[in-house]
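Below, each chain spelled out in residue letters.
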Amino acid sequence: MVSVLLPLPVLIPLVGAGVALVLGRRPKAQRLVSLVSLTAVLATAVALLVLVDREGPSSLEVGRWPVGIGISLVADRLSVLMLTVSATVTLGVLVYAVGEGIIDGARGTPVSIFHPTYLVLTAGVSNAFLTGDLFNLYVGFEVLLAASYVLLTLGGTAARVRAGITYVVVSLISSFFFLVGIALVYATTGTLNMAQISVRMAEVPLEVQTVVHLVLLIAFGIKAAIFPLSAWLPDSYPTAAAPVTAVFAGLLTKVGVYAIIRTETLLFTDSSMRTVLLVAAVLTMVVGALGAVAQSDIKRLLSFTLVSHIGYMVFGIALGSQQGVAGALFYVAHHILIQTALFLVVGLVERRAGSTSLYRLGGLAATAPLLSLLFFVPAMNLGGIPPLSGFIGKASLLQAGVQDGGPLAWLGVGAGVLTSLLTLYAVAKVWNRAFWRPADEKPVVPGDTDVVDRLDRAGAHEPDVATAVTIGTPGAADRAAAGATITAAVTTPVADEGDASAPQEGPQPASRAMWGAALGLVSVTLALTVAAGPITRVAATAAENLTRPEVYVVAVLVTGEEQG
Amino acid sequence: MSANAVYLVLIAALFSTGVYLVLDRSLTRVLLGVLLISNGVNVLILAVSGPAGGPPIVGVTPFEDMSDPLPQALILTAIVITLGVASFFLALTYRSWVLDSREDVLDDDEDVRVATQQRLEDSDSDVYGQEGTG
Amino acid sequence: MIALVAAHLLAACVAPLLVRRLGRDALAVLGLVPAASLVWLLVQGPAERVERVTWMPEIHLDLVLRLDALSWLMAVVVCAIGTLVLVHTSRYLDRDHRGLQSLTGNLMAFTGVMLGLVLAENTLLLFVFWELTTIFSYLLIGEDSRRKASRRAAMQALVVTTAGGLAMLVGLVALGETGSYELSALVADPPSGRVVDVAVLLVVIGALSKSALFPLHFWLPAAMAAPTPISAFLHAAAMVKAGVYLVARLAPGFADVGLWRPVVISLGLTTLVLGAWRALRQTDLKLLLAFGTVSQLGFLVVLVGLGTREAMLAGLAMLLAHATFKAALFLVVGAVDHTTGTRDIRELGGLGRRKPVLLVVGATAAAGMAGLPPFAAFVGKEAAYEALLHPGVLSPLAAGVALAVTALGSGLTVAYSARFVWGAFGGRTPADAPADAPADHALSPVLLVPAAVLAAATLAIGLLIPLLDGPVVAYADLLPAGYEGTYELALWHGFSPALWLSLTVIALGLLAFVRRDAVGRFQERVGGHGDADLTYRRTMRGLDRLAGAVTAATQTGSLPRYLTVILLVVLVLPGAALAGAFRSWDVRAWDTPLQAVVAVGIIACAVAAVRIRQRLAAVVLVGVSGYGIGILFALHGAPDLALTQFLAESVTLVVFVLVLRRLPKTITQRHSTGRRLARMAVAIPVGLLMAGVAATAIGAGTQDSVSEEFPAGAYDFGGGANVVNVTLVDIRAWDTMLEVSVLVVAATGVASLVFIDRRTGTPQHSGHASAADAERGRRVRADRSESGSWLRGSEMLPRAERSVVLEVITRLLFHPIVLVSLYLLFAGHNAPGGGFAGGLVAGLALVLRYLAGGRYELGEAAPLDAGLLLGGGLVLAGGTGVLGLLGGADVLQTAIVEFAMPVYGDVKLVTSLFFDIGVYLIVVGLVLDVLRSLGAELDRKEAELQDDPSGARLQGVTS
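Description of the structure in this document. Here the structure is a predicted model, which is why all the values come from computation and not from measurement.

What about the overall build of chain B?
Phase 1 of the analysis: Summing up its helical and strand segments, chain B has five helices and one strand in all.
Phase 2 of the analysis: Ordered by position from the N terminus, the helices and strands of chain B form the series β-α-α-α-α-α.
Phase 3 of the analysis: Pairs at least 24 apart in sequence give 51% of the contacts found in chain B among residues at least 6 apart.

Here's the deal with the packing of aromatic side chains
Phase 1 of the analysis: With the rule as written, the count across this model stands at 27 aromatic pairs over all chains.
Phase 2 of the analysis: Taking 5.1 Å as the distance between ring centres and 20 degrees as the angle between the ring planes, the aromatic pair formed by A:Phe114 and A:Tyr118 counts as stacked. Placement of the pair is A:Phe114 and A:Tyr118 together in helix H5 (residues 111-130), with a separation of four residues, close to one helical turn.
Phase 3 of the analysis: Aromatic side chains A:Phe178 and A:Phe220 sit 4.9 Å apart centroid to centroid with 75 degrees between the ring planes, which places their arrangement in the edge-to-face category. Of the two residues, A:Phe178 is situated in helix H7 (residues 158-189) and A:Phe220 in helix H9 (residues 206-224); the sequence distance between them amounts to 42 residues. Judged on exposure class, the residue A:Phe178 and its partner A:Phe220 are both buried.
Phase 4 of the analysis: Above the face of the C:Phe513 ring, C:Arg516 is positioned so that its terminal group lies 4.4 Å from the ring centre.

Side note on the interface of chain C and chain A
Many analyses report the size of an interface as the accessible area lost when the parts associate.
Phase 1 of the analysis: On the side of chain A, 133 residues touch chain C, which itself brings 127 residues to the contact.
Phase 2 of the analysis: Taking both partners together, chain C and chain A bury about 10800 Å²; carbon and sulfur atoms supply 76% of that area.
Phase 3 of the analysis: Contact with chain A buries area across many residues of chain C, yet C:Gln703, C:Trp734 and C:Ile756 alone supply 7% of it, more than any other trio.
Phase 4 of the analysis: Summed over the shared surface of chain C and chain A, the number is two salt bridges.
Phase 5 of the analysis: Here A:Asp133 and C:Arg732 are joined by a salt bridge, their closest N and O atoms 2.7 Å apart.
Phase 6 of the analysis: Linking chain C with chain A are 19 residue pairs in polar contact (both at pLDDT 80 or more).
Phase 7 of the analysis: Classifying every residue of the side of chain C that touches chain A by side-chain character gives 71 nonpolar, 33 polar and 23 charged.

Some words on the nonpolar core
Phase 1 of the analysis: Counting residues in each nonpolar core, the largest one holds 593 residues, and the members touching the most others are A:Phe178, C:Trp219, C:Trp260 and C:Leu934.
Phase 2 of the analysis: Apart from the residues within four sequence positions on either side, C:Leu934 is in contact with B:Ala91, B:Tyr94, C:Val655, C:Leu658, C:Val659, C:Arg661, C:Val750 and C:Val754.

So, the environment of A:Ala366
Phase 1 of the analysis: On the secondary structure map, A:Ala366 appears in helix H15 (residues 364-367).
Phase 2 of the analysis: Each C-alpha atom of the pair A:Ala366 and A:Pro438 lies 8.5 Å from the other, and the pair is 72 residues apart in sequence.
Phase 3 of the analysis: Residues in contact with A:Ala366, not counting those within four places in the same chain, are A:Phe435 and C:Arg98.

Re the pairing of strand S2 (residues 72-75) of chain A
Residue and element names in this part refer to chain A.
Phase 1 of the analysis: Along S2, one buried face is formed by Ser72 and Val74 and the opposite face, lined by Leu73 and Ala75, is buried too.
Phase 2 of the analysis: Here four bridges tie strand S1 (residues 58-61) to S2, and the two strands are oriented antiparallel to one another. Looking at S2, one finds that Ser59 is bridged to Val74.

With respect to the environment of A:Val212
All names here are of chain A.
Phase 1 of the analysis: Within the secondary structure, Val212 is located in helix H9.
Phase 2 of the analysis: Classification of Val212 as buried rests on a relative accessible area of 1%.
Phase 3 of the analysis: For the pair Val212 and Ala183, spaced 29 residues apart in the sequence, the C-alpha separation amounts to 9.4 Å.
Phase 4 of the analysis: Setting aside its immediate chain neighbours within four residues, Val212 contacts Gly181, Leu184, Val185 and Phe268.

Describing the environment of C:Cys79
Residue and element names in this part refer to chain C.
Phase 1 of the analysis: Within the secondary structure, Cys79 sits in helix H4 (residues 69-92).
Phase 2 of the analysis: In this structure Cys79 comes out as buried when scored by relative accessible area, which is 0%.
Phase 3 of the analysis: Along the primary structure Cys79 and Ser37 are separated by 42 residues, whereas in three dimensions their C-alpha atoms are 6.6 Å apart.
Phase 4 of the analysis: Beyond its immediate stretch of four places on either side in the chain, Cys79 contacts Pro34, Ser37, Leu38, Leu41 and Leu115.

Focus on the pattern of salt bridges
Phase 1 of the analysis: Summed over the entire model, instances satisfying the criterion amount to 39 salt bridges over all chains.
Phase 2 of the analysis: Notably, a salt bridge pairs A:Arg537 with A:Asp53, separated by 3.3 Å at the nearest N-O pair. Here the residue A:Arg537 occupies a position in helix H23 (residues 532-547), and A:Asp53 occupies one in helix H3 (residues 27-55), the gap between them amounting to 484 residues.
Phase 3 of the analysis: With its nearest N and O atoms 3.3 Å apart, the salt bridge here joins B:Asp108 to A:Arg300. Within this pair, whereas B:Asp108 is found in the loop between helix H3 (69-100) and helix H4 (109-123), its partner A:Arg300 is found in helix H13 (residues 298-319), the two belonging to separate chains. Neither B:Asp108 nor A:Arg300 differs from the other in exposure class; each is buried.

Side note on unusual backbone geometry
Residues and elements named next belong to chain A.
Phase 1 of the analysis: With an omega of 0 degrees, the peptide bond running from Phe227 to Pro228 counts as cis.
Phase 2 of the analysis: Summarising the element assignment, Pro228 is placed in the loop between H9 and helix H10 (232-236).
Phase 3 of the analysis: Each neighbour pair has its own omega, and for Pro386 with Pro387 the value is -5 degrees, a cis peptide bond.
Phase 4 of the analysis: Position of Pro387 among the secondary structure elements: in the loop between helix H16 (369-382) and helix H17 (389-404).

Points about the pairing of strand S1 (residues 49-56) of chain C
Residues and elements named next belong to chain C.
Phase 1 of the analysis: Here six bridges tie S1 to strand S2 (residues 61-67), and the two strands are oriented antiparallel to one another. Residue pairing for S2: Met56 is matched across the bridge by Leu61.
Phase 2 of the analysis: Between the end of S1 and the start of S2, which pair antiparallel, lie four residues, with His60 showing a positive phi angle near 60 degrees.

What to know about H3(B)
All names here are of chain B.
Phase 1 of the analysis: With 32 residues, H3 should reach 46 Å at 1.5 Å per residue; the first-to-last C-alpha distance of 46 Å fits that figure.
Phase 2 of the analysis: Counting buried positions along H3 gives 32 out of 32 residues, so the element sits mostly inside the fold.
Phase 3 of the analysis: The N-capping residue of H3, defined by a side-chain oxygen 3.1 Å from the backbone nitrogen of Leu70, is Asp68.
Phase 4 of the analysis: Among the residues trailing H3, Ser101 stands out with phi positive, at a value near 45 degrees.

Considering helix H33 (residues 733-754) of chain C
All names here are of chain C.
Phase 1 of the analysis: The terminal C-alpha atoms of H33 lie 32 Å apart, and with 22 residues this matches the ideal 32 Å at 1.5 Å per residue to within 8%.
Phase 2 of the analysis: Of all 22 residues making up H33, 22 are buried, and the element is well covered by its neighbours.
Phase 3 of the analysis: Ile756 sits one or two positions beyond H33 and adopts a positive phi of about 35 degrees.

Quick notes on the packing of helix H18 (residues 376-389) of chain C against helix H19 (residues 396-425) of chain C
Residue and element names in this part refer to chain C.
Phase 1 of the analysis: Contact geometry of H18 with H19 gives a least axis separation of 9 Å together with a crossing angle of 160 degrees. Overall, the two elements H18 and H19 adopt an arrangement that is roughly antiparallel. You can see that H18 and H19 cross each other, and the crossing is left-handed. Mapping the contact onto sequence places Lys381, Tyr385, Leu388 and Leu389 in H18 and Ala399, Ala402, Leu403, Thr406, Ala407, Ser410 and Thr413 in H19.
Phase 2 of the analysis: Residues of the contact of H18 with H19, tallied by class, amount to seven nonpolar, three polar and one charged.

Re a nonpolar patch on the surface
Phase 1 of the analysis: A surface patch of nonpolar side chains, amounting to about 390 Å² of accessible area, comprises C:Leu463, C:Leu464, C:Leu467 and C:Leu468.
Phase 2 of the analysis: Structurally, C:Leu468 is set in helix H21 (residues 465-468).

A look at the side chain of C:Lys210
Residues and elements named next belong to chain C.
Phase 1 of the analysis: Looking at the element boundaries, Lys210 is found in helix H9 (residues 194-210).
Phase 2 of the analysis: Summary of buried charges: Lys210 has no salt-bridge partner, and the nearest side chain of opposite charge, Glu131, is 5.8 Å away.
Phase 3 of the analysis: Within the structure, the side chain of Lys210 is placed 3.0 Å from the backbone oxygen of Trp130, a separation counted as a polar contact.
Phase 4 of the analysis: Once residues within four sequence positions are removed from consideration, Lys210 is found in contact with Trp130, Thr133, Thr134, Thr161, Trp219, Met239, Val240, Ala242 and Gly243.

Comments concerning the state of the cysteines
Residues and elements named next belong to chain C.
Phase 1 of the analysis: Per the counting criterion, the structure on display carries zero disulfides over all chains.
Phase 2 of the analysis: No disulfide involves Cys13; its sulfur sits 18 Å from the nearest other cysteine sulfur, which is in Cys79.
Phase 3 of the analysis: Residue Cys13 is classed as exposed on the basis of its relative accessible area of 56%.

What counts as what
Residues numbered from 1 in each chain as written. Chains lettered and ligands numbered in written order. Predicted model: local features only at pLDDT ≥ 70, side-chain atom pairs only at ≥ 80, totals over all residues. Heavy atoms only, no water. Helix = DSSP H or I, 4+ residues; strand = E, 2+ residues; numbered from the N terminus. Contact = heavy atoms within 4.5 Å. Phe/Tyr/Trp six-rings, centres within 6.5 Å; stacked < 30°, edge-to-face > 60°. Buried < 20%, exposed > 50% of the residue type's maximum accessible area, 1.4 Å probe, protein only. Lys NZ or Arg CZ within 6 Å of the ring centre and 35° of its normal. Buried area = accessible area lost by both parts, 1.4 Å probe. Salt bridge = Lys/Arg side-chain N within 4 Å of Asp/Glu carboxyl O. Polar contact = N/O pair within 3.5 Å; in protein donor to acceptor, adjacent residues only side chain to side chain. Nonpolar A, V, L, I, M, F, W, Y, C, P; charged D, E, K, R; others polar. Core = buried A, V, L, I, M, F, W, Y, C linked by side-chain atoms within 4.5 Å. Pairing = 2+ DSSP bridges. Expected span 1.5 Å × (residues − 1). Axes fitted to C-alpha atoms, helices over the stretch in contact; angles between N-to-C directions. Parallel < 35°, antiparallel > 145°, perpendicular 65-115°, else oblique. Left-handed = near helix turned anticlockwise from the far one by under 90°. Patch = residues over 30% accessible without salt bridge, like charges linked within 9 Å, V, L, I, M, F, W, Y side chains within 5 Å. Areas by Shrake-Rupley, 256 points an atom, 1.4 Å probe, with all protein chains shown as cover. Lys, Arg positive; Asp, Glu negative; His and termini not counted. Disulfide = S-S within 2.5 Å.

Structure below.
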C-alpha cells in the first residue's frame, strides 16, 4: 500500500503541471487542475502519515532496481510528517493565490505562469522529503529552487528582479557545494543511496569524513539560512508576491533544515559537528532576532524572525538527544505553519492598508478588528506565548538543553529565551504601531525630511521603474532618474504590464478565498496546540527513530531487497 | 585509488576563475563565473569517477574496461540543469537591463535604509527610543 | 476546577456578543461567572482536591489543578474582587466606551487565567497562565490605544514581566528536570545542587518582576494608564499578587536554598521603603495608591518569603488585608474620578462634604491601609513585628534591620494613607466651584457598593480573624515555627512589645502627616526617587541601537559581500578540516597526455575570460573552454557526455548572443585594484581547496562502487546497450523526470520575464504580420521576378538584414538536422545519443531557421505553442511512471515488448523510450521558448519602437 502511495506526492503535481501547461490558455481549467492535484497530494500525505505511524518506515525501489543501483523512495516518520505539513501549507497558499488571481486577473500572479510553476515547486519539495538517494535529493532541490526563481521574479518588477538575482546566485553557489559534497561521498563510499552511505561512511577515515560532512553542511546551511550564511534571505523573500513569500518563508528553508537533520542523524552518525552547530544556532537566533528588532517593514521583520527561529531547530538537532530532535521537529512543523499564516495575514493587511511599512500603517485595531485578531494570535504564537504551538516547541528544546547540561547547551538555552523575548518585542512593536497607534498620529522619524522620504519610499514597495516613469510615481528610485527617459521608451510596451504586477499603492479588495486561506492556516496553528498530545507523540517517535539510524537503514536495505 | 593531476589542476583553475568572476557586479560576468564553476564541478565529479576507459556501451567495450557510467549520468543531469538555469539568468539580466538600463547587482535599499537610520540615531534623537517602545 | 477556568474563558469568548446586545450592562451580567465560582469555592472549602488531565506528557505539560489552603485563599480573592470589579466597571465606563467589546472579553479572560494561575499544580501550566495574565494585562493597559502613554506603558509592562517570566521558565524547567514538574512534589522533596540554586534564583526573579519589586517596580505605576477599575483588579488585588503567591508557594521548600533569603528580603525591604517614600510625594491619587501597592508588595514578599510560620501567618493576613483595602481604594478613586473628572489632589477639594458616603467608604478603606486597629492590616502587622522580634532563621542583626525598616515603611504607610484621605476629601471646595458643583456627575450606587463591600471586608477580616484564619493557619503550619509556642493571629495579644511598636508607628505616621510640609521639604533635600523608568528607556534605546548596528554590519545588502562571507566560511571550516585530513595524495599525471594539452587550452580560455572586457569575446572564450571540457569527456570515455556538453554549450552561446544584442559591447563598470586583489585572495584559495578536497576524497575511496553492476543490469533489465542512457531513462529515471521539470520551469521563467503577464506569445505567422512588416514582405515579392524565396518568413525582414547564402543553407540543412535529432533520440538506447542530445539538436535546427529568417520564419518553422511541447513532454515522462503504477508494476518500471514486423524484422520496443520522447519534447520546448521570448519578442518590441517616431531615442540604449 505504502509503496503505491509513495511516488504520488511527486508524480501528481508533476503531471498536473504538465496538464496545466497544455491548458495554457484556459485559466479556469488550470486553477481546477492545481486545486485537485494539491488536494490529492494532501490526502496521500495524510494516508502515508497514518500508515507509516502505524507500521513504521518503509521504502520503494523505483523501477524495481536492486537497492543501491536504482533510486529508493523512503517514507519514515520524519518524511511523512514534513510531507503532511508542507502539503497543508501549499494547498492553503494555493487557495489564497487563486483568490488573489481571481481578483487581480493576470496582474499579481499570472495564472499560466504561476500554476504550472507552483505545482513543480510542490513536486520538488515532496521529492526532497521522500527520496532516499543523495543525488536525487540534489535534483529535488534544483526543482524547487528553479521553480522558486520563477515565482520570486513573477511580474519582473525592479525590486523583484534585484532580489531574484541575489537569490539565484546564492542558491547556485550552495547547489555547487552540494554537488561537490555528493562527489566526495561517492568517491569515499561508492554509493549514493543514503542508507548505504550511512553504513559505509563509518569505514571512512574520520578526518576525511569531517571534510565531506562540512561541505554538505555548508550547502544545506545556505539553503536553511543559518547565520552567517543567511543574509540573502531577508533581501529576497519579502519582495515577492504575498502568497509566494508566504510559501517560501514557510517551506523552503525547512527543506534545508530537513536535509541537515538527515545529514546529522543518518549520513554521519557520530555527532562530531555538535560544537559547530551549537555555536551556529546561538548566533542565528540572536543575530536574526536583533535584525527583526531593527526593521520597520512587517514583511522584512518577519523574514528576520524566520532566520532567527531556524536557530531553534538547529539547536535541537545539534543537541542530538531524542528530546532535542523531537523539539526541533515539532518546531519545524509549527514554524512552517505559523510563518505561512502570518505572511498571508500580512498580505491581507497590505491589501487593506496599501503598505506594510510601520511608518505608514496605523489604527488597524480600530478599523479592522477581525484582521487584527487574525494577526494578533499568530503573532503572539511566534513570540512564544504559551500555550500556543511556538511555546510547546521551545519548552521541549529548553528541556533538552537543560538535560544536556553542557556549557554550550546552557548558552543555547539562554539565547533561546532571549530570542523569544526579542521576537515578542518585535511583534508587539508591530502591534503598537500598525494596529494601536491612530493612523493620523505622525510617526516619530529620526533625521531630516530627506530621510523621511527615504523611509517612506522603503516602506511602500518601490514601484517598478517603468511605472515610475510612465505614471510618474513620486517614489521612484534614485537611479530610475538616470536612464529614466530612455528606459521609458524601451519599456513602454512592457510598462503597463510591469507596473500592474508591482504591489499597488492604496487599498485593494480581498476575496473570500483569501480570507478563508488565512483563517484556515491560523486555525491549523491553533489545532497544533489543541492536538499537541498526539503531535508531540509522533514527533517523539520520529525523533526516537532518528536517534537510531538502523531503523532507516533496515527499512531501506531489507525491505528493498525483498522487492528487488 | 590515485587522482589524475590534470583534473586536479583543472578543478583549481576553473573554481578560481569562476569564483573571481562571480564576485563581480556585472551580471554577464557573474553568469560566466557560474558557468566556469559548474564546469569545475563536473570535472570534479569526473575526477572522482576513477580512471578513463572505453565508452560504457555493451558490445563496444568489455565490462572491465568501461569508464564508470554513474558519474557520467550525474554530470549529464548537472549539465542540463545548468543550461536551464543559465537561460533563466540571462532572461533576468535582460529584464534588469530593461528596467534600470544597467546590468549590475545593486545593493538592497531596505538594508541601506536601516544602516542609514542607524547612523542617524547615533547622532540624533532620544525620541526613537520612546517610539521604539510605544 | 478546570470547569471554573473553562467557564471564564468561554464567557470571554461570548462577551463581545453579549456587549453587542446589552451594552455595558453585559459586564455586570458576566460578573455572575466569577460570583458562581466564588460560591462553589466557599461551599467546597479549602479541602485538598486535585484534577488531572494529560495533555502533552512528552514535555510534562499536563492540565493538573490542585486546590489547597493557599490556592483556595487566592482563588477566593480573585473571584470575589473579580465580581465586584466587573459590577463596578459596568457603570464606570460610559455607554459608548470605545472598544468596550474587546475590553470586556479581555477582562473576563484575565479573570479566568488568573484563577488558573493560582490553581495550577503543574509548573509549566503555571507558566502558561502566568504569561497569559501578562498578555491580557498588556491589552488592558493599552486599552486606550490612542494615547501614546498607554501604548508605552503596555509595552513596558509586557517587556519587563515577560523578561522575568522567561527567566522563571528556565528556572522551572531546570527544577522540573532535576526534581519534578509538580509544585507539591517539588516543595515536598526539593532537589539540590548548584543548578537548583540558580534555578530557584531565576524563578524568584520572575516572581519579583511580576510583583513589581525593586529594581523592576517602575512598570506598575506606568500601568496606571489602564482604566481605574482594571488597575484595581490587575495591578492591586490580583495579578501583581502572582509573584507573592509563587514565593509563598515555594517558601516551604526553598526558603533555605542558596540566595533565596538574602535576595527576597533585601529587595523586599528596599521596595517597601522606596514605594512608600514615593507614594508620599504623589499628587495623583491613583499614582499614590500605585506606589503604595509597590511598597506593600515588597512587604508581602518579605513576609511570605522569610520562611517561618509566624511570618507566613502575617504575610497571608496582610495579603488578604491588602487585596481588600487596596481594591476598595482604587474603586473609590474610580468613583472620585467619575464624579469630579479629576484625580489630582491639587484640583480636588471639599469632596467629602459633597459626597459624604464616598468619604466614609474611602476613610474606612484608608484606615485599613494605615493598619489602624481593628483592621485586618493591624492584625497582620502585629504578627509581622512578632515574627521579626523572634528572628529564628535570621541573624539577630539582620532581624533588627528588617524590623526597623518594616517599622519605617509602616510609618510612611500611615502617613500617605492620611494624605490620601485628606487629598481626596479634605480641604474646602475651591472658591470658583460652589458646593455640589455641576462638574460632579451623580454617583450611581453601582459604583459605590463594591467599594463599600470591600472596605467592610477589610474591617470584618480584622474583627473576625480568629474565625477566618483556618486556611491561613493551615498553610502556615507547613513552615517551621520561628520560636517556641504557637502564635495565633488575633486582635489582642495583651500588651506585647509588638503592640507598643504598632502604636508608636501609627503615632509617628500621623505626626509625619501633620508636619507634612516639613516632611515634604525633607524629601526635597533627600531626593531618593531615582528614575528607574529612565533606565528602562535607556536600555530599550540601547537595544534598538545594538540591533541597528548588528544588522547594519551583517546585512549589507551587497551580493558580492554575501558570497564572500559564504566562501570564507567554506575556506575556514572544510579548509581547517582538510589540513587535519591531509595525507600524501597518490597522484598520477594523466590517463593520456592529450588531457594535459586540452587542459592547458581550457585554462588559457578561462583566464583570458577573466581579464577581457568585451562581453561577446568573454562569452565565446568561456564557450570554448566548455567545448574543451567536452573533449575531455570524450577522452575519458564518455561519448554521451561529450555530445551533450557540445550541444549544451552551443545552445547557451546562442541564448547569450540573443541577450547580449541588447547590452553594451563592453563592461564599463570597473572595480578598484584593492577589490580585485581581495577577490583573488578569496578565489584562488577556494580553487586550491576544492582540488585538495577532491584529491583527499579520492585517496580515501576504499569501497567499490555500486555502478559496477550497471552494465550487466542495463543490458538485461534495461534492455539497452548504452549504459549511460539506460541509467538516465531507467535506472535513475526518477532523477531525469525531475530534471526535465527544471527545464520546464526555466523555460516558463524565461517567457514570464519577457511576456510579464502570460506564458508565451502566439507564434508569429507571416499570415498576420504587423502592417509595416507585411508591407515590406509585399515589396520583396514584387521586386523579385523569380517565384518565391528560400524562406517565406524571411520576406518580412528588411533587405539589409537578409543573407541569401544563410537562407539557402538553412533551407537545405533544416530537415536533415531534424532527422539526425530523431535518430539520436531513437538510437540513444544502444548508441550515444538519447532524448537530451536529440532535443538539443532539434533545438539548434530551430535556431538556424530563426537566425536566417527572423521571427516570422520561426513562426513558420514551429507553428505551435511551446507550452504544449513542455506540458506534453512532462505528461509523457511522468505518465509512464503513473502507468507503471496502474499496470501493477512499480513506478517507472520498464517493460520490453518484442514483436516481428514484416519488412523490418524484429523490433525491440522498450517502454522507457516513451520516457525519452518526453525528454526530447521538453528540450525542444525549452529552446523554442527561449527563441520566442528572447529572440522573436524582443525583435517585435524593437520593431514597434522603430516604427514609432520616438524610436530614435532608442539607439543610445540597445546598441
